[in-house]
Amino acid sequence: MCSPEEAALLRLEGVFSDTLTRINSLVLQPLLEAAPEASDPWGRECLQLLQQLQRSSRQLWDVTEESLRSLRERLRRPEAVGLESLLLLHSADRVLQVHLEYIESYTCCVAVQAFQKAAKRRSEYWRGQRKALRQVLSGVSSEGSVGTALLQALRQPLAHHVQQYVLLLLSLGDTIGERHPTRELVIHAAGLFGDLQSFMRQELDQATATQALWSTLSSRLRDVLCTPARRLLQDSQGIPVTVTPLRAERVLLFDDALVLLQGHNIHTFDLKLVWVDPGQDRCTFYLLTPEEEFSFCSKDPQGLVVWQWKVTQAVCQALRGKKDFPVLGAGLEHSEPPTCRCGAYTFRAEGRFCQATYEGEWYWGRPHGKGTVKWPDGRNHVGDFCQGLEHGFGIRLVPQASEDKFDCYKCHWREGSMCGYGICEYSTSEVYKGYFQEGLRHGFGVLESIPQAPRPLRYTGHWERGQRSGYGVEEDSDRGERYIGMWQADQRHGPGVMVTQAGVCYQGTFQADKMVGPGILLSDDDSLYEGTFTRDLTLLGKGKVTFPNGFTLEGTFGSVSGRGLHTQGVLDTAALPPDPSSTCKRQLGQGIFPVESRWQGVYGPFRDFVRAGCPGDLREALLGFHVQSSRELRRSQEYLCCERTPPEDQAGSVEELLEELRQHREPEALQRCLRKALSNSLHPLGKLLRTLMLTFQATYAGMGANKHLQGLAQEEVKQHAQELWAAYRGLLQVALQRKGEAPEEDEDAETSFYSELFTLYLLLHEREDSLYSQGITNLSLFPDTKLLEFLDVQKHLWPLKDLTLTTNQRYSLVRDKCFLSATECLQKMITTVDPREKLEVLERTYGEIEATVSRVLGREHKLPMDDLLPLLIYVVSRAQIQHLGAEIHLIRDMMDPLHTGGLYDFLLTALESCYEHIQKEDMRLHRLPSRWSSREPW
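Predicted, not measured: the structure shown is a model, and the values here were computed from it.

Asker: So, the overall build of the protein chain: which residues are in play, and what are the values?
Answerer: Counting secondary structure elements, the protein chain contains 29 helices and 27 strands. In the protein chain, which comprises 938 residues, the proportion classed as buried is 51%. Of the contacts formed within the protein chain by residues at least 6 apart in sequence, a portion of 52% connects residues at least 24 apart.

Asker: Which residues make up the pattern of salt bridges, and what values go with them?
Answerer: Across all of its chains, the model carries 39 salt bridges by this definition. Between arginine 77 and glutamate 73 there is a salt bridge whose closest N-O contact spans 2.7 Å. A single network of salt bridges, built from pairs that share partners, joins Glu659, Arg662, Arg665, Lys739 and Glu741.

Asker: Explain the packing of aromatic side chains to me, using residue names and the numbers behind them.
Answerer: By the definition in use, this model includes 33 aromatic pairs. A ring pair is formed by tyrosine 529 and phenylalanine 557, whose centres lie 5.4 Å apart and whose planes are at 85°; its orientation type is edge-to-face. On the criterion of sequence distance, the pair formed by tyrosine 529 in strand 24 (residues 528–533) and phenylalanine 557 in strand 26 (residues 552–560) is long-range, its members being 28 residues apart. Owing to a relative accessible area of 2%, tyrosine 529 belongs among the buried residues under this scheme. Note on phenylalanine 557: relative accessible area 4%, which makes it buried. Taken together, the ring pairs in this structure connect Tyr345, Phe347, Phe353, Tyr358, Trp362, Trp375 and Phe385 into an aromatic cluster. Just above the ring of tryptophan 375 sits the side chain of arginine 379; from NZ or CZ to the centre is 4.4 Å.

Asker: I'd love a proper account of the sheet that holds strand 8 (residues 293–297), names of residues and values included.
Answerer: Within a beta sheet, neighbouring strands are joined by backbone hydrogen bonds and run either parallel or antiparallel to one another. What the 4 strands build is an open sheet, ordered 2-8-7-6; its pairing is antiparallel. Each having just a single partner strand, strand 2 (242–244) and strand 6 (275–277) make up the two edges of the open sheet. On average, each strand axis in the sheet is tilted by 25° relative to the strand beside it, whichever way the strands run. Judged from the 3 bridges that link them, strand 2 and strand 8 form a sheet pairing that is antiparallel. Counterpart to threonine 244 in the pairing with strand 8 is serine 295. With respect to the sheet, helix 11 (residues 301–320) is in contact with strand 6, strand 7 (284–288) and strand 8, its orientation differing from that of strand 7 by roughly 25°.

Asker: Which residues make up the packing of helix 18 (residues 667–678) against helix 19 (residues 684–700), and what are the values?
Answerer: If you want to describe how two helices pack, look at the angle between their axes and the distance between the axes. Here helix 18 crosses helix 19 at 60°, and the two axes come no closer than 7 Å. Taken together, the axis directions place helix 18 and helix 19 in an arrangement best described as oblique. Residues Leu674, Ala677 and Leu678 of helix 18 form the contact with helix 19, whose participating residues are Leu685, Gly686 and Leu689. The residue makeup of the contact of helix 18 with helix 19, split by class, is 5 nonpolar, 1 polar and no charged.

Asker: Which residues make up the sheet that holds strand 1 (residues 232–235), and what values do they have?
Answerer: Strand order in the open sheet formed by 4 strands is 1-3-4-5, with antiparallel pairing between adjacent strands. Across the chains shown, the open sheet's two edge strands, defined by having one partner strand only, are strand 1 and strand 5 (265–270). Direction aside, neighbouring strands of the sheet carry axes that sit 20° apart on average. Note that strand 1 and strand 3 (residues 250–254) share 3 bridges and pair antiparallel. Bridged to aspartate 235 within strand 3 is leucine 252. Taken strand by strand, helix 9 (residues 183–214) contacts strand 1 and strand 3, and its axis lies near 60° from that of strand 1.

Asker: Talk me through helix 4 (residues 92–111); I want residue IDs and the actual numbers.
Answerer: Under the 1.5 Å per step criterion, the end-to-end length of helix 4 is 28 Å for 20 residues, consistent within 8% with the ideal 28 Å. A large share of helix 4 lies buried, amounting to 15 of its 20 residues. In the segment just after helix 4, glutamine 113 is the residue with positive phi, at about 55°.

Asker: Describe the packing of helix 4 against helix 8 (residues 146–175), and please don't skip the residues or the numbers.
Answerer: Where helix 4 contacts helix 8, the axes come no closer than 11 Å and their chain directions differ by 150°. For the element pair helix 4 / helix 8, the angle class is roughly antiparallel. In this structure, helix 4 meets helix 8 at a crossing whose hand is left-handed. Across the interface between the two elements, His99, Tyr102, Ile103, Tyr106 and Val110 of helix 4 pack against Leu151, Leu154, Arg155, Leu158, His161, Val162 and Tyr165 of helix 8.

Asker: Can you tell me about the pairing of strand 8, naming the residues and giving the values?
Answerer: Across 5 bridges, the pairing between strand 7 and strand 8 is antiparallel. Residue pairing in the sheet places leucine 288 in a bridge with glutamate 293 of strand 8. Hairpin connection from strand 7 to strand 8: 4 residues lie between these consecutive antiparallel strands.

Asker: Let's hear about the pairing of strand 11 (residues 366–374): which residues, and what values?
Answerer: In this structure, strand 10 (residues 357–363) lies alongside strand 11, joined through 6 bridges in antiparallel fashion. Bridge pairing links threonine 357 to lysine 374 in strand 11. Once strand 10 ends, the chain turns through 2 residues before running back antiparallel as strand 11, passing tryptophan 364 with a positive phi of about 50°. The pairing of strand 11 with strand 12 (residues 380–386) spans 6 bridges and is classified as antiparallel. Among the inter-strand pairings, threonine 372 is bridged to a residue of strand 12, identified as valine 382.

Asker: Quick rundown of the state of the cysteines? Include the residues and the values.
Answerer: Overall, the coordinates contain 0 disulfides when judged by the stated rule. Distance from the sulfur of cysteine 283, which forms no disulfide, to the nearest cysteine sulfur (cysteine 297) is 8.1 Å.

Asker: Account for the environment of serine 559, with residues named and values stated.
Answerer: Relative to the helices and strands, serine 559 resides in strand 26. Put simply, serine 559 and leucine 540 are 19 residues apart on the chain and 7.5 Å apart in space, counted from C-alpha to C-alpha.

Asker: Give me the lowdown on the side chain of serine 877, citing residues and values where you can.
Answerer: Along the chain, serine 877 turns up in helix 27 (residues 865–879). Within the local environment of serine 877, its side chain forms a polar contact with the backbone oxygen of tyrosine 874, the two atoms lying 2.7 Å apart. Residues within four places of serine 877 in sequence aside, it is in contact with Ile776, Leu779 and Leu787.

Asker: Before we move on, could you go through the nonpolar core and cite the residues and values that matter?
Answerer: One finds Tyr106, Phe115, Leu154, Phe193 and Leu196 to be the most contacted residues of the largest nonpolar core, which totals 62 residues. Looking at this core, the elements that each hand over two or more residues are helix 1 (4–34), helix 2 (41–76), helix 3 (87–90), helix 4, helix 5 (114–119), helix 8 and helix 9. In this structure tyrosine 106 touches Leu53, Phe115, Leu151, Leu154, Arg155 and Leu204, once residues within four positions along its chain are discounted. Leu670, Leu674, Ala677 and Leu689 belong to the second-largest nonpolar core, a separate cluster that totals 56 residues.

What counts, and where the lines are drawn
Residues numbered from 1 in each chain as written. Predicted model: local features only at pLDDT ≥ 70, side-chain atom pairs only at ≥ 80, totals over all residues. Heavy atoms only, no water. Helix = DSSP H or I, 4+ residues; strand = E, 2+ residues; numbered from the N terminus. Buried < 20%, exposed > 50% of the residue type's maximum accessible area, 1.4 Å probe, protein only. Contact = heavy atoms within 4.5 Å. Salt bridge = Lys/Arg side-chain N within 4 Å of Asp/Glu carboxyl O. Phe/Tyr/Trp six-rings, centres within 6.5 Å; stacked < 30°, edge-to-face > 60°. Lys NZ or Arg CZ within 6 Å of the ring centre and 35° of its normal. Pairing = 2+ DSSP bridges. Axes fitted to C-alpha atoms, helices over the stretch in contact; angles between N-to-C directions. Parallel < 35°, antiparallel > 145°, perpendicular 65-115°, else oblique. Nonpolar A, V, L, I, M, F, W, Y, C, P; charged D, E, K, R; others polar. Expected span 1.5 Å × (residues − 1). Left-handed = near helix turned anticlockwise from the far one by under 90°. Disulfide = S-S within 2.5 Å. Polar contact = N/O pair within 3.5 Å; in protein donor to acceptor, adjacent residues only side chain to side chain. Core = buried A, V, L, I, M, F, W, Y, C linked by side-chain atoms within 4.5 Å.

The following block contains the structure:
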């Protein structure tokens, strides 16, 4: 059975539907026909408001008709159709939304007096419609204004309808039992429409107050402030308030803005970017905006509380982007506005951001978080901000005079200036990768031009206040020169070495980019000049030339145009020819560039990072940011964004990295851990190694690689190894301190610069290795058994004892198998780069030789030097390792001093002896000495 309340709802909906139809024909349609011309700006706005009201009225009629249909179906078949089928119950929220849209359209018309202004165009018509309106409405006076009658006609039926909704729904809820399945739906609908009554009253009050406000303002102020959607929430003429320091004459709080009127000046503040600070006393509260800070004071504490509450709720409502329901300040969300927000603002005050528009995250009136700044001159910056300044990673585009040309800075910023690691791509096609301080290049960095530049250059070194200063390397590929040395104020200044592509080296003192005073010149054939030069590096004045054969020429040098170099002096031919090894080992740069001070710009930031306790917020500024590919980095320039990998995801958080180092301190685990760290450029140790290798390659590899720089490079390798180990130890100490554990004692280090260093060894020992290669060629002509016999290898050690084959078969087998395992083992030396690994290869080769001999003898046997050396010569000759001299010297120079006098030292000495004997050019004609310097078995 259907309840009486349901029947009453059916009648109510029917009456309301008819009323809406009549209102549309009596009021809305004539109003639209009487609206001002659309050519007038205000008239166009008025027409749009009335059209929107008509659409809202139509939607209200549609939903009412739908409700009618659900009620009729329920009354027609009460047994089959349940109470929950009523539209008012199962779709109460949708019905509510339609009512809200109508109320919004209606109050917009009220706020700007759209009805009154439209009615003036057909005043005679409206006076004739009073009788018809009285039939629709109750209380329409024949004396009142037409505007008032229209307002009533569009509001009164809806207000009555909603009131009846509430009464009937509440009554319906009382008639059904507590356990009825639809009771919650009925209670929910009654609550919604009860709230709608409160909302309607508040909206009408605000619209009426807003309409009254416009008549109190000048036409200029009204034109600036009046918009249909804007509602007045509070006026200082109603509740006085004093605003300082601005001393506003009148304060208006709207639902979207705070307006301070001061004479002819209007100060408007977007509520989304207004922060309310309650203050310490009851007589004052403060408002923060992006550029202003105000205090609100009042003699009436109660009035000040009203102002503070209304401003706070208005800010909350503005941030939510919709009106509070049911009334202002009674929304579901928390009534305190968040301190962190998003918004856009154009700065007006003088300063760095003057006329710039910031869009992004804010905190207490300051840009804070992610955001974008755009200046009128075309500059753009996107990135992280802190307390109103660029702070963290950011990308900035700076347009240049040329069309479509700009500089792009992808850098870290600190308090508004570039500070930390950055990549800068300039409109001149130059790229800088390195560190900044206070907006200038400072510390270590690399500046290079594209290969297609008129004069391609690359500088790798230190900077100070934007200029090259300190130790650095410049490569001029156009002139085929590399300068290694000191800089000051962007010029070569101080001790330096210049290497040319032709192999000529200069060393001396530079001033203002030119070499001055005495210096030395080393040519590719090891001729040495010591004396003075002109500024363009021509020999001039007193000097001395020492030739590779030992001759010296001492005198005065000069040049005549078109006639080359001429000299007057004494040529001394009496000197004995020098040892070739001592001549080629003349080294440049040693002593004039203290190795520990060369790359402080690389070491320093890592020391500071460790000294500060490895804070995670400084990690990206130290290591640099990471993107998945260079293409993404280029796209970041085009679209002013950079989807880089977050620092904590690049290679694990700092805490995880430190914990890994702490847990892997055993020798085997430590080696794996360090290899993993050093191979990962996103790990602090890996980044340090990668940067040091960059400096090493820039100094010693490629065009400027020169044998006379080997000593300089060797010093750096050892220094880098110490610094890498110190960096590891520093990270480990931080990890231990975080866990409250005691620090450990220092140990030894390892490094990985040997591939570039080996190139210099190749150049330095080229002559010796040439003799060695000839010796290997000579020995390769010997069959295996003849070579064993020629080398005085005792026959009982030959691996032929168990063979009962013919002579030909025996030779064939020996050729393929004799000491093959040792030969293959020694060949692995060329596949390793670390000197320590090369020594391990040599040790394993020695083990293979002894194992083969032990099998031949049928017992464990330790080889004395007399027996080992000829066998090792045999293995070396069959292994045919190229550049063995360079390998041996690299191992000897870089060997840990702890191994001196040990097994490694013994084996390396034996290998050196083999190398020296193989170099002898007359080996094919003369047998090696039958007895070797005897040494006890190892």
